[in-house]
Amino acid sequence: MENKVFELNDHVVMKKPHACGNNEWVITRVGADIKIKCLQCGHEIMMDRLEFKKKVKVVIHEEDKKD
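Everything in this summary refers to the structure shown in the same document.

Some details on unusual backbone geometry
Item 1. In this structure, asparagine 9 takes a positive phi of about 70° despite not being glycine.
Item 2. Inspection of the secondary structure assignment puts asparagine 9 in the segment before β1 (11-14).

Written out as structure tokens, the structure is:
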């Protein structure tokens, strides 16, 4: 499995969509737990790092979005 690197304010695409239909989130807290916020409805979820790594599909780094 590839090692996914993520930082604060990175956007992530999860494997399964949220109940609102969106699957793009922004990382709002990084530590032992990861906190992500839905970009469509604003709902926030906190999960442990291992669970987050299993559920994330793609990491879009903040500096990549500025181009």
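Back to the write-up after that little detour.
What to know about the pairing of strand β3 (residues 33-38)
Item 1. Of the two faces of β3, the one holding Ile34, Ile36 and Cys38 is buried and the one holding Asp33, Lys35 and Lys37 is not buried anywhere.
Item 2. The pairing of strand β2 (residues 24-30) with β3 spans five bridges and is classified as antiparallel. Paired with valine 30 across the two strands is isoleucine 34, which belongs to β3.
Item 3. With antiparallel pairing between neighbouring strands as the criterion, β2 and β3 make up a hairpin whose turn holds two residues.
Item 4. Here β3 runs beside strand β4 (residues 44-48); their pairing, made up of five bridges, is antiparallel. Paired with isoleucine 34 across the two strands is methionine 47, which belongs to β4.
Item 5. A loop of five residues connects β3 with β4, the two strands running antiparallel in sequence, and glycine 42 in this loop sits at a positive phi of about 85°.

Observations regarding the side chain of histidine 18
Item 1. Here histidine 18 is to be found in the loop between β1 and β2.
Item 2. Apart from residues no more than four positions distant in its own chain, histidine 18 is found in contact with Trp25, Cys38, Cys41 and His43.

Some details on the environment of tryptophan 25
Item 1. Structurally, tryptophan 25 can be placed in strand β2.
Item 2. C-alpha separation for the pair tryptophan 25 and methionine 14, spaced 11 residues apart in sequence, amounts to 7.7 Å.
Item 3. Excluding residues that lie within four positions of it along the chain, tryptophan 25 makes contacts with Asp10, His11, Val12, Met14, His18, Ile36, Lys37, Cys38, Leu39, His43 and Ile45.

Rules of the game
- Residues numbered from 1 in each chain as written.
- Predicted model: local features only at pLDDT ≥ 70, side-chain atom pairs only at ≥ 80, totals over all residues.
- Heavy atoms only, no water.
- Helix = DSSP H or I, 4+ residues; strand = E, 2+ residues; numbered from the N terminus.
- Buried < 20%, exposed > 50% of the residue type's maximum accessible area, 1.4 Å probe, protein only.
- Pairing = 2+ DSSP bridges.
- Contact = heavy atoms within 4.5 Å.

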